[in-house]
Every structure is written in C-alpha cells, then in structure tokens.
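# Reading the structure
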Amino acid sequence: MIPQLLPLNRRVAELARFVINGLIATAVHYGVLSFNLNVLQIPSAGLANFLAAWFGISASFIGSRFFVFRHKSSPWLPQALRFLALYLSIACLHGLLLFLWTDTFHLDFRVGFAIATVVQTILSYAGNKLLVFSAT
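### Thoughts on the packing of aromatic side chains
Each aromatic ring pair is described using two quantities: the centre-to-centre distance and the angle formed by the ring planes. Across all of its chains, the model carries eight aromatic pairs by this definition. Taking the centre distance of 5.9 Å and the plane angle of 35° together, the rings of Phe69 and Tyr125 count as tilted. Here Tyr125 lies in helix α4 (residues 109-132) and Phe69 lies in the loop between α2 (45-68) and α3 (76-104), a separation of 56 residues in the sequence. Residues Phe69 and Tyr125 agree in their burial class; the two are buried. With a centroid separation of 4.3 Å and 25° between ring planes, the pair formed by Phe83 and Tyr87 is classed as stacked. Of the two residues, Phe83 and Tyr87 both sit in helix α3, four residues apart, roughly one turn of that helix. Residue Phe83 shares its accessibility class with Tyr87, and that shared class is buried.

Calculation criteria
- Residues numbered from 1 in each chain as written.
- Predicted model: local features only at pLDDT ≥ 70, side-chain atom pairs only at ≥ 80, totals over all residues.
- Heavy atoms only, no water.
- Phe/Tyr/Trp six-rings, centres within 6.5 Å; stacked < 30°, edge-to-face > 60°.
- Helix = DSSP H or I, 4+ residues; strand = E, 2+ residues; numbered from the N terminus.
- Buried < 20%, exposed > 50% of the residue type's maximum accessible area, 1.4 Å probe, protein only.

Below, the structure written as structure tokens:
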C-alpha cells in the first residue's frame, strides 16, 4: 500500500513546489514593477509592467527548471524556447478570455481575471510538465 502512495506524494510535492515557484516569480515581477515605477520612474505603467514581466518569467523558468520539475541536466535552450512559447500562448489565451468576458459579455473584469488566471495556472502546470520539462 505504501508504494502506491509514493507517486501521489511526489505529485503533491511537485504541485506545492509549482505554487511556491509561482508565488516567488510573481513577487519578482511585482518587485521589479514597483522598482521601475518608483525608482526608475518609468512614466508608463504598461511599459514598466512589460519589462518587469520578463524578470518574472525568467524567475519562473529558473525555478521550474531547478526546483519544480528538476530537469537541470537537459539542454537549457530548447527548454527555454518551449517555455517561452508556452507562456506566450497562455498570455494570449488569458487576454482573449478577459476580452470575451469583459468586452464582449460586459461582465465584471475581476471575475474574468480570476477565471482566466485559474485557466492560466492549470495550463501552465500541464504545459510545463508535459511539454517543457518532460522526462523524455
């Protein structure tokens, strides 16, 4: 009975590491955004956020490679390119969902953002697990 629990325990641990990594990457993104706006005084919040997002995405990739999925022996460039393609696709879907929810159906953007973020999180984990950091 215990050997059957090990894969479940590993999956739960991996999911926990994924959440921790996401929180850290979000903190990096927000920290750089704040730095850009308050210290560098970039006048455009959109530009400041765009620049900060690259730091958050980089932190997420490094954390995923070394902490979450632990596939650090694989060549990093193919992983990085798949990771970037995945995140660009998810970002487009997130934007599309928010556009449809808010602009087309005229519903509360906060609810749409929450729904799109849940979809984004699920696709991010599945995409990273199956496409970016797969054991093959």
